[in-house]
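# Residue-level structural notes
The primary structure of each chain is shown beneath.
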4 protein chains.
Amino acid sequence: MNFCSDNVAGAAPEILAALVAAAQGTAPSYGADPVTARLHRRLETLFGTALAAFPVATGTAANALALAALVPPYGAVFCHEGAHINTDECGAPEAMTGGAKLIALPGAHGKLDPATLEAVLRRGHGGGVHHVQPALVSLTQGTEAGTMYQPDEIAAMSAIAHHHGLSVHMDGARFANAVAALGIDAAAASWRVGVDVLSLGATKNGALAAEVVIFFKPEQAHDFGFRRKRAGHLVSKQRFLSSQLDAYFTDDLWLRLAGHANAMAMRLARGLMTIPGAVLINPVEINEIFVALPEPVIAGLLEAGFDFYRWEGSVVRLVTAFNTDPASVDALVVTARRLADRG
Amino acid sequence: MNFCSDNVAGAAPEILAALVAAAQGTAPSYGADPVTARLHRRLETLFGTALAAFPVATGTAANALALAALVPPYGAVFCHEGAHINTDECGAPEAMTGGAKLIALPGAHGKLDPATLEAVLRRGHGGGVHHVQPALVSLTQGTEAGTMYQPDEIAAMSAIAHHHGLSVHMDGARFANAVAALGIDAAAASWRVGVDVLSLGATKNGALAAEVVIFFKPEQAHDFGFRRKRAGHLVSKQRFLSSQLDAYFTDDLWLRLAGHANAMAMRLARGLMTIPGAVLINPVEINEIFVALPEPVIAGLLEAGFDFYRWEGSVVRLVTAFNTDPASVDALVVTARRLADRG
Amino acid sequence: MNFCSDNVAGAAPEILAALVAAAQGTAPSYGADPVTARLHRRLETLFGTALAAFPVATGTAANALALAALVPPYGAVFCHEGAHINTDECGAPEAMTGGAKLIALPGAHGKLDPATLEAVLRRGHGGGVHHVQPALVSLTQGTEAGTMYQPDEIAAMSAIAHHHGLSVHMDGARFANAVAALGIDAAAASWRVGVDVLSLGATKNGALAAEVVIFFKPEQAHDFGFRRKRAGHLVSKQRFLSSQLDAYFTDDLWLRLAGHANAMAMRLARGLMTIPGAVLINPVEINEIFVALPEPVIAGLLEAGFDFYRWEGSVVRLVTAFNTDPASVDALVVTARRLADRG
Amino acid sequence: MNFCSDNVAGAAPEILAALVAAAQGTAPSYGADPVTARLHRRLETLFGTALAAFPVATGTAANALALAALVPPYGAVFCHEGAHINTDECGAPEAMTGGAKLIALPGAHGKLDPATLEAVLRRGHGGGVHHVQPALVSLTQGTEAGTMYQPDEIAAMSAIAHHHGLSVHMDGARFANAVAALGIDAAAASWRVGVDVLSLGATKNGALAAEVVIFFKPEQAHDFGFRRKRAGHLVSKQRFLSSQLDAYFTDDLWLRLAGHANAMAMRLARGLMTIPGAVLINPVEINEIFVALPEPVIAGLLEAGFDFYRWEGSVVRLVTAFNTDPASVDALVVTARRLADRG
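Predicted, not measured: the structure shown is a model, and the values here were computed from it.

Moving on, we come to the overall build of chain A. Counting secondary structure elements, chain A contains 13 helices and eleven strands. Here the C-alpha atoms of chain A give a radius of gyration of 20 Å, agreeing with the 20 Å that 2.2 N^0.38 yields for 343 residues. Split into buried and exposed, the 343 residues of chain A put 63% on the buried side. Counting only contacts in chain A whose residues sit at least 6 apart along the sequence, the fraction spanning at least 24 positions is 76%. Split by element, the accessible area of chain A, about 11,000 Å² in all, is 56% carbon and sulfur. Each charge class in chain A was averaged separately, 25 positive and 31 negative side chains, and the resulting centres sit 4 Å apart.

Between chain A and chain B, which share one sequence, the superposing operator has a rotation angle of 180 degrees and an axial displacement of 0.0 Å; the RMSD is 0.0 Å. What we have between these two chains is a two-fold relation. When C-alpha distances to the rotation axis are compared across chain A, the minimum falls at A:Ala231, with a value of 3.5 Å.

Size of an interface, as often reported, equals the accessible area lost when the parts are brought together. Taken together, the contact pairs 46 residues of chain A with 46 residues of chain B. Sorting the residues of chain A by area buried against chain B places A:Asn7, A:Arg230 and A:Lys237 first, and these three jointly supply 19% of that buried surface. Counting across the interface, chain A meets chain B through zero salt bridges. Contributions of two or more residues to the side of chain A that touches chain B are made by α1 (13-22), α3 (59-70), α5 (92-97), α9 (224-230) and α10 (239-248) of chain A.

With respect to the helices and strands, the residue C:Cys4 is situated in the segment before α1 (13-22). Once the C-alpha coordinates of C:Cys4 and C:Leu67 are considered, the two residues, 63 residues apart in sequence, prove to be 28 Å apart.

Let us now look at the packing of aromatic side chains. One pass over the full model with this rule turns up 44 aromatic pairs over all chains. Between B:Tyr248 and B:Trp254, the aromatic rings sit 6.4 Å apart at their centres with planes inclined by 55 degrees, giving tilted as the arrangement. Neither B:Tyr248 nor B:Trp254 differs from the other in exposure class; each is buried. Between the aromatic rings of C:Phe290 and C:Trp311, the centroid separation amounts to 5.1 Å while the plane-to-plane angle is 80 degrees, which identifies the pairing as edge-to-face.

Okay, the sheet that holds strand β3 (residues 101-105) of chain A next. Remark on secondary structure: sheet strands pair via backbone hydrogen bonds, oriented parallel or antiparallel. Residue and element names in this part refer to chain A. The strand order across the open sheet formed by seven strands is β1-β7-β6-β5-β4-β2-β3, and the pairing between neighbours is mixed. Of all the strands in the sheet, the pair left with one neighbour each is β1 (52-56) and β3. Looking at each pair of strands side by side, their axes are set apart by 20 degrees on average, direction ignored. Direction of pairing for strand β5 (residues 167-172) relative to strand β6 (residues 197-201): parallel, over a ladder of four bridges. By the bridge assignment for β6, glycine 172 is matched with leucine 200.

It is worth spelling out the sheet that holds strand β8 (residues 279-280) of chain D at this point. Residues and elements named next belong to chain D. Overall, antiparallel pairing links the four strands, which are arranged β8-β9-β11-β10 in an open sheet. In the strand order of this sheet, the two ends are held by β8 and β10 (309-312), each with one partner. Summarising the sheet, β10 and strand β11 (residues 315-319) pair through three bridges and their orientation is antiparallel. Bridging across to β11, glutamate 312 finds its partner in valine 315.

It is worth spelling out the domain arrangement of chain A at this point. Residues and elements named next belong to chain A. Looking at the assigned domains, one finds that chain A contains domain 1 (12-253) and domain 2 (254-342). Between domain 1 and domain 2, the C-alpha centre-to-centre distance is 28 Å. Across the contact, 28 residues belong to domain 1 and 19 residues belong to domain 2. Summed over both partners, the interface of domain 1 with domain 2 comes to about 2,000 Å²; 57% of that surface belongs to carbon and sulfur atoms.

The next thing to look at is the interface of chain A and chain C. Contacts between chain A and chain C engage 19 residues on the former and 19 residues on the latter. Between chain A and chain C, the buried area comes to about 1,300 Å², and carbon and sulfur atoms account for 46% of it. The tally of links between chain A and chain C comes to two salt bridges. Of the charged contacts, one joins C:Glu94 and A:Lys101 as a salt bridge, the two residues approaching to 2.6 Å between their closest N and O atoms.

Right, let's talk about the relation of the copies chain A and chain C for a bit. Superposition record for chain A on chain C: RMSD 0.0 Å, screw rotation 180 degrees, translation along axis 0.0 Å. Residue by residue, 100% of the interface of chain A is reproduced at the interface of chain C, so both copies engage with the same surface.

This brings us to the pairing of strand β7 (residues 211-215) of chain C. Residue and element names in this part refer to chain C. Extensive coverage of β7 is indicated by the burial of five of its five residues. Side chains Glu211, Val213 and Phe215 project from β7 onto one buried face, and the interleaved Val212 and Ile214 project onto a second face that is buried too. Alignment of strand β1 (residues 52-56) against β7, held across five bridges, turns out to be antiparallel. Within β7, the residue paired with alanine 52 across the bridge is phenylalanine 215. Direction of pairing for strand β6 (residues 197-201) relative to β7: antiparallel, over a ladder of five bridges. Bridged to serine 199 within β7 is valine 213.

Residues and elements named next belong to chain B. Packing of helix α6 (residues 114-123) against helix α7 (residues 151-163) brings their axes to within 9 Å, and their N-to-C directions diverge by 5 degrees. Overall, the two elements α6 and α7 adopt an arrangement that is roughly parallel. Where α6 approaches α7, its residues Pro114, Leu117, Glu118 and Leu121 are matched on the opposing element by Ala156, Met157, Ile160 and Ala161. Grouping the amino acids of the contact of α6 with α7 by side-chain chemistry returns seven nonpolar, no polar and one charged.

With that settled, the discussion passes to helix α3 (residues 59-70) of chain D. Here α3(D) spans 17 Å end to end across twelve residues, near enough to the 16 Å set by a 1.5 Å rise per residue. Looking at α3(D), one finds that the buried residues are D:Thr60, D:Ala61, D:Ala62, D:Asn63, D:Ala64, D:Leu65, D:Ala66, D:Leu67, D:Ala68, D:Ala69 and D:Leu70.

Should the charged atoms of two oppositely charged side chains come close, the side chains can pair. Residues and elements named next belong to chain A. Evaluation of the coordinates by the stated rule reveals 48 salt bridges over all chains. Between lysine 217 and aspartate 196 there is a salt bridge whose closest N-O contact spans 2.5 Å. On the criterion of sequence distance, the pair formed by lysine 217 in the loop between β7 (211-215) and α9 and aspartate 196 in the loop between α8 (175-182) and β6 is long-range, its members being 21 residues apart. Its relative accessible area of 32% is what places lysine 217 among the partly exposed residues. When salt bridges that share partners are traced, they join Asp6, Arg174, Glu288 and Arg317 into one network.

Bringing unusual backbone geometry into the picture now. Following C:Gln141, the chain continues into C:Gly142 via a peptide bond in cis, with omega recorded as -15 degrees. Looking at the secondary structure, you find C:Gly142 in the loop between β4 (133-140) and α7 (151-163). Positioned with a positive phi, B:Cys90 is a non-glycine residue whose angle comes to about 50 degrees. Along the chain, B:Cys90 falls in the loop between α4 (84-87) and α5 (92-97). Not every positive phi belongs to a glycine, and D:Asp252 is a case in point at roughly 55 degrees. Examined against the element boundaries, D:Asp252 turns out to sit in the loop between α10 (239-248) and α11 (253-272). According to the relative accessible area criterion, D:Asp252 is partly exposed, its value standing at 43%.

Moving on, we get to the packing of helix α2 (residues 34-47) of chain D against α10(D). Angle between the axes and distance between the axes: these two values describe a pair of packed helices. Residues and elements named next belong to chain D. Two elements in contact, α2 and α10, have axes whose closest approach is 8 Å; the angle formed by their N-to-C orientations is 35 degrees. Crossing hand, α2 versus α10: left-handed. On the side of α2, the interface is formed by Val35, Thr36, Arg38, Leu39 and Arg42, while α10 contributes Arg239, Ser242, Ser243, Leu245 and Asp246. Residues of the contact of α2 with α10, tallied by class, amount to three nonpolar, three polar and four charged.

All right, on to the confidence of the model for chain A then. Mean pLDDT over chain A stands at 96; residues scoring 70 or higher make up 99%. Scoring the predicted complex yields pTM 0.97 and, for the interface, ipTM 0.97.

Residues and elements named next belong to chain C. Assignment of secondary structure puts leucine 136 in strand β4. Since its relative accessible area comes to 0%, leucine 136 is described here as buried. C-alpha separation for the pair leucine 136 and glycine 75, spaced 61 residues apart in sequence, amounts to 8.1 Å. If we skip the residues at most four places from it in the chain, leucine 136 touches Leu67, Leu70, Val71, Ala76, Val77, Phe78, Leu166, Ser167 and His169.

What counts, and where the lines are drawn
- Residues numbered from 1 in each chain as written.
- Chains lettered and ligands numbered in written order.
- Predicted model: local features only at pLDDT ≥ 70, side-chain atom pairs only at ≥ 80, totals over all residues.
- Heavy atoms only, no water.
- Helix = DSSP H or I, 4+ residues; strand = E, 2+ residues; numbered from the N terminus.
- Rg over C-alpha atoms; globule rule 2.2 N^0.38 Å.
- Buried < 20%, exposed > 50% of the residue type's maximum accessible area, 1.4 Å probe, protein only.
- Contact = heavy atoms within 4.5 Å.
- Areas by Shrake-Rupley, 256 points an atom, 1.4 Å probe, with all protein chains shown as cover.
- Lys, Arg positive; Asp, Glu negative; His and termini not counted.
- Charge placed at Lys NZ, Arg CZ, Asp CG, Glu CD.
- Least-squares fit on C-alpha atoms with pLDDT ≥ 70 in both.
- Buried area = accessible area lost by both parts, 1.4 Å probe.
- Salt bridge = Lys/Arg side-chain N within 4 Å of Asp/Glu carboxyl O.
- Phe/Tyr/Trp six-rings, centres within 6.5 Å; stacked < 30°, edge-to-face > 60°.
- Pairing = 2+ DSSP bridges.
- Axes fitted to C-alpha atoms, helices over the stretch in contact; angles between N-to-C directions.
- Domains from an automatic or database assignment.
- Parallel < 35°, antiparallel > 145°, perpendicular 65-115°, else oblique.
- Nonpolar A, V, L, I, M, F, W, Y, C, P; charged D, E, K, R; others polar.
- Expected span 1.5 Å × (residues − 1).
- Left-handed = near helix turned anticlockwise from the far one by under 90°.
- pLDDT = per-residue confidence, 0-100.

This is how it looks when you write it as structure tokens:
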């Protein structure tokens, strides 16, 4: 009954089984193993394009290294003010880029919008040496607010970014949740709408610890290998990362896991909407719910053993995962309703 | 029959089992889980002292982050010229310290010696702002050359370092191999001989990907958490790192695995010494053999399917692991002898 | 008739004379010269306290090095969104701190206000490793908007900063202009209202190239010498920096020069207020004027040979300097009025 | 009678006069002034080629920024173990490159030699991600040991560097002394023998504080402006740097000043060779003398008021400058001889 985060869940059985299988026998190290090769082929098939892919163990590493590959030390990165790279990585992007600057932009429900982006880029800097140089736009899909971009929204912002000479990065820690919710294919959710580099996460969706940085313009990855090694993110027995990812993308496992998490969030949101005084703060589009609840309901739920984060004031965040039990969802709703009725 | 490195081996069954067990159920993220707590207690018991311990996924991360905690950007790190931090980490220590300088010192068989260290530190820099400031000595135990330090050698160098106001770091990627070979306890091999911070590796000795940075003066770790996060090395589902390490240190597994690897190296070295023309380049003290072999023997072994690295000229490196099969050792020796006889 | 910036002016005769005098004979290098010693005594007398002072050649260096001394790589710096460190230094603070994060805050007329600062610091971060750690508040005096803080405003913000464990930096590129306008002494404008470190500029006010970083808690400067050298900002013939500063602070030259610049700005502002359609955007408190003018007036002035910056839309920035000729001020006003009348 | 360094001398009258002249009137800032434009034309004429030139205030800045333009964070720089960048800049190259690695190579009399360079580059690294990538060779002309390279020596090393894909940097803090001694033109001493980027110093040879970074392949300077600004090395009133350099290169002033310093060193060396027990440690080719002297001679000279550095043991360093008085040279020799005779 832990709704704190999707990273409190364990591992999906299929992924765990793949990891155990990969542990047998010897294999070349540092990515020269057959599982990594198979993963690469699988990703190219999945995305329908040639790409360069680099497994790493954490989402922060995936994001910060992806930015470092495309942003000079004197560069500027544009992102939503609530983006993970801006608020939750203790400055990893600044560290790995050598001190680039994140320009935090506002936007409703955790989303950047084309008008805001266009306005800030148009103001420009004329190449003047006094200013950091616009280099990259980073979009989070699904967002930290539990929402997601429609493909045409991404396409619009990519077009603006590219028009101004900037690259487009997607923080896809919850890419699976967004793709599952959108019901489109991986290509339509990424490079076909202008994404240049994607930090694609599996950890929040059933892996133990596995993310993969994907460059859709492989030449942009020309020095990524050095940067990854230098950051301590080249794992020697890389098959243990690759096997998780290989299983993740096999037989649509990633979408099935994400689809379940999303469905549980919808079920929970629908239930909570029946609670007097409950107000959804953001549309529930993936696996996160931000909801204002009466204080006695919050306190009562916590006392009853339901775990979740107080976000701000009376707003709480509830996150579902690949293995969330519908019964626990229903139990939370029932308990909340009881608490509200008593209030 | 792969003797390329100890990182081509898979995972020890006990460690894999612990990982699978840890995958069940939910657990708090970012190190607040019970497995991480248990690991911490186990390490304090093993080392017989209070300590601060931080699991990470790679040895390069462990080393570079440990240095960053104790060395300012304008600091100097003294190490052997063949140290992993100096030659095999693509500049990770420089990256994570903000540009500190590694001063590479010579020394026979991969080992620094007290006289060399004393001489270089005595020359000093008088605190002058023109020079990087001596900050830390890094020792590798067991060394990259397949040798190891005796405890009194480490104690002597720690005393010199501390006398000059420097910290002492130990790169323990093969700490288990050295401790097993020395037959002493973990404390006697580390803080009791002056080590301040230890990068203790499990990956080369049966883990999938797990290292732990241990500070024996916990106050020196005061900002390590920020540095680890900022480097992308805080794993969200940390139980998956901690469970590997917890199993590794349970019932002396780490020493049994390392003892086996060491024994296989001795067996192999003894066998190779019977080959005409074979010359050991370094004493074989842990699980690595550097041996000069006649060219036809090298070529023949490779052709016969034995994998290993050509080091330089006619010298090859052979590495054994926790799961090296005695039969494959014997097969290599028999094949080499046959090739030598034929030559 | 150049009102673009105070850095288009040349050098004050007294400063130039001091420089020429300092060029005679030999002197120890790197700050061990007698002029630097005299400057140090003069600054301690001026500020009425023990201090550590480090001359450098540029304001960007002074700011970025001052921050680097007090902010860790994982630290956060709070400043006004229009602060020079945030907008005009091409990321120098990020570069020199090793990637710290600037948190840009809004505020009317280029000024931070206590309520905004208190609110953002109260929200806090609980020391969590996911977030950069609040480390320093930077205030610009006089501001980039041509305004200035009253001493009690600075005292209020310093109190908030110190209460939350943060240091206080003052970007004093136009410190002289503010002190001259306030009519208080140097101490009352700095450490007595809580400033820990001051980047005190002379370049914009009659020097050729000279700024000085002053630590009012000298122990906070313990490694500044290394950082300055490492950044290439230790000038070998330091007497050439020190002599400029020594002359600058002799016989209140700095205040006389700044007072003239301020007076010229007031004269210009008063004149412009007589122009139909002219609107002051900010109060004119030091030597910068931000004024909206009718487009024909702007175009006509530029055509007539008056130089200044278009800021945004119909707003222009006019800056006066230590040597601005009253006749050129009056000429500008007369020309503008004529243009307006014709419009 | 100060022979400590060429940076204890003041300023040459011609340079000081140019600076004073430049102080008159207003001028655009940040390098858009006419003096900077004239300097650029003068440099192109002097070197007989198109180039990009960037004035800065210190030699450390010139070197570190030049390297940062051509070396990635994961790059390796090869230099002599006694090079200024390696020993006397407190890690500035590491800081500005984002943590690149300096590989210090041995060589007689402060000089790298082609065989050593070829050997270390041939060993190579195969592009492997585990190693920093060879990026640049830095040569110091004249050297820190008071010697200089012949043009064909530089050409040989440049050819090796370029063959291996590396750039060639010249630390020319004493470029004038070497060019004057060689009696060749500036082009023959730089780009015609393969130098890509030159840190050309004036400070040690009569300027107050002025160096210029010159790129002979201007496209390699594409982001230098950002890097210079970001490092705090863009001086706002740049005419004060440019005017020094402009005067320096007018009417061969730079060569006349350096020629005098060289001649004084020769005179001093010749005199010292008549002292019993004096042994030159390096050939005296520019304006520095490294000589072993009997201890009573050293002590007596210091007591008599001659200033110089004790280098190591009985070896002292004596440096002459653009304004060294022949009488003071002779006085030192006479005193030394008297002390030696008494001994």
